[in-house]
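Coordinate inspection notes
Take a look at the letters that make up each chain.
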Amino acid sequence: MAKKTIGVLALQGAFREHEEMLIRLGADYREIRQAEDFTDDIAGIILPGGESTTQRKLLHATGLFAPLQQRIAEGLPVLATCAGLILLAQKLSNDSGAGLGTLPVLVRRNAYGRQLGSFASTAPLREIGDFPMRFIRAPYIEQVLQGDVEVLGTYQGKITAVRYHHQLAMSFHPELTQDGRVHQLFLQMVAAA
Amino acid sequence: MAELKEDNRYELNKELAQMLKGGVIMDVTTPEQAKVAEAAGACAVMALERIPADIRAAGGVARMSDPAMIKGIQQAVSIPVMAKCRIGHFVEAQLLQAIEIDYIDESEVLSPADDVYHINKREFAVPFVCGARDLGEALRRINEGAAMIRTKGEPGTGDVVQAVRHMRAINKQMTQLTALREDELFEAAKQYQVPYELVQYVHAHGRLPVVNFAAGGVATPADAALMMQLGADGVFVGSGIFKSGNPAKRAAAIVEAVTNYQDAERIARLSENLGEAMVGINEDEIQLLMAERGK
């Protein structure tokens, strides 16, 4: 069987860091910059950190919004970090803009304030254990909106990582660390899909 | 307790710049302009009282903007807000940090406050971006604590020639460094007037240890794509947007051109009917070369 290809949404932000992680783990990937790149053979998609307002605008401008939303709703495995989590969230508590909305959580943008509020920590993640977490003008999840959303991690009482069936999302940046375990978990989800 | 806050502010500050990559940072002078920029897809805005073209026209001493004006812009948008202080004016930088700016641009666009020393940026918790014309300037600013570099270009001219020159110079010098023997790096460090470790990083990685944007004179989607194809991580657009005929449309077109910078057909489409570009000034017509400030 041919190796599966992971799509990395490359509209804006820290997508190269995800690609470097995929290379380290021996996975094949393709950058998704426009609708033509998002072909049927993409077996999983990574939504990277960056500015969610910029990425949302570009999803519409490039015609990627509808096909991406549809395929995630149909079961395409997705790994979303920071801005990616904001794009996936069904609801935002402090932003009226609508994202892909496939993940039933309520997210607060810039929840720790401006850049002076950015921080790093190490905290436990379910199924993985202690994991280095980097929060850059990060959001957090105020509330899960359905009982079947699994909480994978919290920091100081706030939800920072969840899994909902084939959707894995977190408010921090595993791609900025040398620790490949989150990406490995995602690749396992892709392999099992 | 496994939770432990780690003190690595500089790393976090470099990482914010990584999140800005592939994006466009736009100069804005009012909350209304900031909203136009955000809606067009800007990944950050630079709050300043006068855009470089007007600073150039007005002459006189250009200083840090009124904090009230910057706060108005911080309240208007959810994306990162940057602001400029004068080269060497560490008190202006302290004020910008006090109002929790996301990035400080120690900028040659303003009148320098110190003709010898730059700000010791290592003392600050907020990140700094600085301009550079060549690799030596870039590495010296990084050594002082800059978490992001941009080309100086020639601000407020709508003429991209200097940004191109600076980006090419930095790239060429980095390529040369990667080709040196290990034992030649000590001499290179001496020539660039920077610590050996920074030279060694470029030698090993072929790039700067921080994100490098293009800035100065970018006025069209094609200009922005040119800088991306030359290796910029992203683009600052100063006077080019709000000095043009249709700022909202031009801003959106530049944002899209930066994402798909290798797709000429798309950029051609994006470049249609954008209205008047800003009136440019050629570099040989200008009296004041801002890029000469701060070396």
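As recorded in an unreviewed UniProt entry, chain B goes by the name Pyridoxal 5'-phosphate synthase subunit PdxS, listed as coming from Selenomonas ruminantium. Taken verbatim from the UniProt record of chain B, the Pathway (unreviewed entry) comment is "Cofactor biosynthesis; pyridoxal 5'-phosphate biosynthesis." In the Sequence similarities (unreviewed entry) part of its UniProt record, chain B is described as follows: "Belongs to the PdxS/SNZ family."

Chain A has the name Pyridoxal 5'-phosphate synthase subunit PdxT in an unreviewed UniProt entry, where Selenomonas ruminantium is given as its organism. Under the heading Subunit (unreviewed entry), UniProt records this for chain A: "In the presence of PdxS, forms a dodecamer of heterodimers. Only shows activity in the heterodimer." Heading Pathway (unreviewed entry) of the UniProt record for chain A holds this comment: "Cofactor biosynthesis; pyridoxal 5'-phosphate biosynthesis."

Moving on, we come to the UniProt feature "binding site: L-glutamine" (unreviewed entry) in chain A. All names here are of chain A. The UniProt record annotates "binding site: L-glutamine" (unreviewed entry) at Gly50, Glu51, Ser52, Arg109, Ile136 and Arg137. Taken along the chain, the residues just named run across 88 residues; in space they keep tight, none of their C-alpha pairs more than 12.8 Å apart. Within the annotated group just given, the residues that line the second largest cavity are Gly50, Glu51, Ser52, Arg109, Ile136 and Arg137. Note on placement: Gly50 falls in the loop between strand 3 (42-47) and helix 2 (52-61). In this structure Gly50 comes out as buried when scored by relative accessible area, which is 10%.

In this structure, the largest pocket spans a volume of roughly 680 Å³. Looking at the largest pocket, it is lined by 27 residues, and the ones nearest its centre are Arg16 and Glu17 of chain A together with Gln18, Tyr201 and Arg207 of chain B. Those elements that provide at least two residues to the lining of the largest pocket are helix 1 (15-24) of chain A together with helix 1 (9-20), helix 7 (161-179) and strand 7 (211-213) of chain B. With five residues, the top contributor of residues to the lining of the largest pocket is helix 1 of chain A. The residue makeup of the lining of the largest pocket, split by class, is eight nonpolar, seven polar and twelve charged.

Moving on: the nonpolar core. Formed by 87 residues in total, the largest nonpolar core has its most connected members in Ile45, Leu47, Leu59, Leu88 and Leu100 of chain A together with Leu96 and Met227 of chain B. For this core, the leading source of residues is helix 12 (residues 247-259) of chain B, giving seven residues. Discounting chain neighbours no more than four positions away, the residues touching Leu96 of chain B are Met64, Ile70, Ala83, Lys84, Cys85, Ile101 and Ile104 of chain B. Judged by nonpolar contacts, the second largest core, of 29 residues, contains Phe15, Ala123, Tyr155 and Leu187 of chain A.

Bringing the pattern of salt bridges into the picture now. Applying the stated criterion to the full structure yields 34 salt bridges over all chains. We note a salt bridge from Asp179 of chain A to Arg181 of chain A, for which the minimum N-O separation is 2.8 Å. Classification of Asp179 of chain A as buried rests on a relative accessible area of 17%. Lys84 of chain B serves as the salt-bridge partner of Asp105 of chain B, at 2.9 Å between the closest nitrogen and oxygen. Here Asp105 of chain B is found in strand 4 (residues 103-107), whereas its partner Lys84 of chain B is found in strand 3 (residues 81-86), with 21 residues between them in sequence. Accessibility assignment for this pair places Asp105 of chain B and Lys84 of chain B in one class, buried. When salt bridges with common partners are traced through the structure, they connect Arg133, Glu137, Lys152, Glu292 and Lys295 of chain B into a single cluster.

So, about the UniProt feature "active site" (unreviewed entry) in chain A. In the numbering used here, UniProt assigns the feature "active site" (unreviewed entry) to Cys82, His173 and Glu175 of chain A. Taken along the chain, the residues just named run across 94 residues; in space they keep tight, none of their C-alpha pairs more than 10.8 Å apart. Lining the second largest cavity, out of the annotated residues just given, are Cys82 of chain A. The topology assignment puts His173 of chain A in the loop between strand 12 (167-170) and helix 5 (181-192). Beyond its immediate sequence surroundings of up to four residues, His173 of chain A is in contact with Gly49, Thr81, Cys82, Arg134 and Ile136 of chain A together with Met19 of chain B. Polar side-chain contacts of His173 of chain A include one of 2.7 Å to the side chain of Glu175 of chain A. Inspection of the secondary structure puts Glu175 of chain A in the loop between strand 12 and helix 5. When its relative accessible area of 5% is taken as the criterion, Glu175 of chain A is described as buried. Filtering out sequence-adjacent residues up to four positions away, Glu175 of chain A remains in contact with Ala14, Glu17, His18, Met21, Gly49, Thr81 and His183 of chain A together with Met19 of chain B.

What counts and how
- Residues numbered from 1 in each chain as written.
- Chains lettered and ligands numbered in written order.
- Predicted model: local features only at pLDDT ≥ 70, side-chain atom pairs only at ≥ 80, totals over all residues.
- Heavy atoms only, no water.
- UniProt positions renumbered as here; feature names shortened; annotations may be inferred.
- 1 Å grid on protein atoms, 1.4 Å probe; cavity = no way out; pocket = protein on both sides within 12 Å on 5 of 7 lines; lining within 4 Å.
- Helix = DSSP H or I, 4+ residues; strand = E, 2+ residues; numbered from the N terminus.
- Buried < 20%, exposed > 50% of the residue type's maximum accessible area, 1.4 Å probe, protein only.
- Points joined across faces, edges and corners; volume = space filled by probe spheres on them.
- Nonpolar A, V, L, I, M, F, W, Y, C, P; charged D, E, K, R; others polar.
- Core = buried A, V, L, I, M, F, W, Y, C linked by side-chain atoms within 4.5 Å.
- Contact = heavy atoms within 4.5 Å.
- Salt bridge = Lys/Arg side-chain N within 4 Å of Asp/Glu carboxyl O.
- Polar contact = N/O pair within 3.5 Å; in protein donor to acceptor, adjacent residues only side chain to side chain.

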